[in-house]
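Understanding the architecture of this molecule
One-letter residues, chain by chain:
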Amino acid sequence: MSDILIVDDERDIRELISDILQDEGFATRLASNSDETMAEINTEAPALIILDIWLKDSRMDGIDILKTVKRDNPDVPVVIISGHGNIEIAVAAIKQGAYDFIEKPFNIDQLLVVIRRAMETSRLRRENQNLKRRDVATSEMIGTSAPYRALLSQLDKVTKSNGRVMLTGPAGSGKEVAARYIHAHSARASAPFITVNCAGVAPDRMEEVLFGRETPDRGIEPGLLEQAHGGVIYFDEVADMPLGTQSKILRVLVDQQFTRVGGTDKVRVDLRVISSTNRDLDQAIKADTFRQELYHRLNVVPIAVPSLEERREDIPLLAEHFIAEFKASQGLPERALTDDAVALMQTMVWPGNVRQLKNLVERVLILGDGTGPIEARELPGEEEAGGDDGRVVLSGALATLPLREAREAFEREYLLTQINRFGGNISRTANFVGMERSALHRKLKSLGVVTSAKAGVRIAHVDEEVEATG
């Protein structure tokens, strides 16, 4: 939508208006009849249409074209021109949605003023609609850990292109935040970001939701693909998309056009596609629940989003960010975190990843007492792990072991947790646990604990030979 379409059956008029507009810096296209006009509009909607109301040798007159344009492309302003102007025609044109009516022979300055006003009005209306339908979810990335920095580096690279991106990672790890980051830092940042919740739409409604529909009673109801025109369409959990819809989406990716449910006209769209999944799509392809051709179309640039377990160093920063966010959005108290609370959060199990951490922070802020620092005792599991008298409650498995084996099992699990908490940094781990670095290395060797690189960070784990003989 960057040029002006000039429709007039008189060649001299078309070319005169075009030359004037080009001198003013506008790009133009020309059409002499209704068929040429509709072909140009269906190829790509213009920013504005200058439309003669009387068209010789044409199956549609200007009013018919105006009605069609306002039905299919309501955001495109139409300026009507006519050499047979009268009040009745002008009123009819305005009622059908024309921005203005200008009688031939027209004043060039008057035409330019009307065009600029119409285009500015249309731009403001589109911006307002985009703001209304674009939800306010954050695109801010938080962290300093090595896996986070590796992820951010990959995201920054793809913002500079229109390549399709496939984000993989466990549920709650922040795949949508990553998708929004790509959008917010790309050339399409001012255009819509539309999310398709593939798991949340009933299979029998998916096509109407995506492609929209046309009915005699309600006219045109644009779908999410149409709403995302010019911007980004984000397929959240794309593995849950119905097979029948997958084949149609594949055609959209190839042709950049589709037909609404119940309609016949082709709708052209300019989209960047980002998708995400927490499932193994190779397995889904083998099980015939996901189309291999679609996978290859979507998986142009694969990016893995790390779990919270892989970036435990970022937990304090993320928690502080959520505390500030809840203060701004809900008026909850802005509380600091004690060292004990941070240590416990970094050693907890997070199956729900960043989403679970955010929910935990909200829960503590809502149920907590006062505005003082958040202490470890306020976090779930702390009361169960230790009573008021300082006693540690053993797990059933640990309590059944002899002392020597129980001590080794505890030391192994404790040191695994601490090393991963500090991102594989042995020096920081040794300082926290109160051991010399060389002594810690000897202890780890005796316990069969080793570290290896994963997602740009060193992760501690039990040596496979020790596990096999344990």
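Located above this text is the structure these notes cover.
Quick caveat, the model's predicted, so the values are computed rather than measured.

It is worth spelling out the environment of E411 at this point. With respect to the helices, strands and loops of the structure, E411 is situated in helix α18 (residues 403-421). The sequence separation of E411 and L447 amounts to 36 residues, and the corresponding C-alpha distance is 8.0 Å. Filtering out sequence-adjacent residues up to four positions away, E411 remains in contact with K443 and L447.

Relative to the helices and strands, L318 is located in helix α13 (residues 315-330). Placed 39 residues apart in sequence, L318 and L357 show a C-alpha to C-alpha distance of 8.1 Å. Leaving out residues up to four positions away in the same chain, L318 has contacts with I142, L308, R311, V354 and L357.

So, about the packing of helix α14 (residues 339-347) against α18. Running from N to C, α14 and α18 point in directions that differ by 105 degrees, and their axes come no closer than 9 Å. As the angle between them shows, α14 and α18 are arranged roughly perpendicular. On α18, the residues touching A343, Q346 and T347 of α14 are T417, Q418 and R421. Split into classes, the residues belonging to the contact of α14 with α18 amount to 1 nonpolar, 4 polar and 1 charged.

What follows covers a nonpolar patch on the surface. A cluster of nonpolar residues, F410, Y414 and F432, forms a patch on the protein surface that exposes about 290 Å² of accessible area. Mapping Y414 onto the fold places it in helix α18. Residue Y414 is classed as partly exposed on the basis of its relative accessible area of 31%.

What follows concerns unusual backbone geometry. Of note, the amide linkage connecting K104 to P105 takes the cis form, showing an omega dihedral of -10 degrees. One can find P105 in the loop between β5 (100-103) and α5 (108-133). Phi is positive for Q256, which is not a glycine, with a value near 60 degrees. Along the chain, the position of Q256 falls in the loop between α10 (243-255) and β11 (257-259). Exposure remark for Q256: the relative accessible area of 22% places this residue in the partly exposed category. Backbone geometry at N353 places phi at a positive 60 degrees, although glycine is not the residue there. Looking at the element boundaries, N353 is found in helix α15 (residues 353-367). Overall, the relative accessible area of 3% leaves N353 in the buried class.

To continue, consider the side chain of E226. The topology assignment puts E226 in helix α9 (residues 224-227). For E226, the contacting residues outside a window of four places in its chain are D72, L210, F211, F258, R260, V267 and V269.

What follows concerns the sheet that holds strand β14 (residues 301-304). Pairing between the strands of a sheet comes from backbone hydrogen bonds, and it takes one of two forms, parallel or antiparallel. Read from one edge of the open sheet, 5 strands run β7-β10-β13-β6-β14, paired in parallel fashion. Strands at the two margins of the open sheet, each flanked by one partner only, are β7 (193-197) and β14. Neighbour-to-neighbour, the strand axes of this sheet turn through a mean angle of 20 degrees, independent of strand direction. Across the sheet, helix α7 (residues 175-184) lies against β6 (165-168), β7, β10 (232-236) and β13 (272-277), angled at about 155 degrees from β7, the strand it touches most.

The rules behind each value
- Residues numbered from 1 in each chain as written.
- Predicted model: local features only at pLDDT ≥ 70, side-chain atom pairs only at ≥ 80, totals over all residues.
- Heavy atoms only, no water.
- Helix = DSSP H or I, 4+ residues; strand = E, 2+ residues; numbered from the N terminus.
- Contact = heavy atoms within 4.5 Å.
- Axes fitted to C-alpha atoms, helices over the stretch in contact; angles between N-to-C directions.
- Parallel < 35°, antiparallel > 145°, perpendicular 65-115°, else oblique.
- Nonpolar A, V, L, I, M, F, W, Y, C, P; charged D, E, K, R; others polar.
- Patch = residues over 30% accessible without salt bridge, like charges linked within 9 Å, V, L, I, M, F, W, Y side chains within 5 Å.
- Areas by Shrake-Rupley, 256 points an atom, 1.4 Å probe, with all protein chains shown as cover.
- Salt bridge = Lys/Arg side-chain N within 4 Å of Asp/Glu carboxyl O.
- Buried < 20%, exposed > 50% of the residue type's maximum accessible area, 1.4 Å probe, protein only.
- Pairing = 2+ DSSP bridges.

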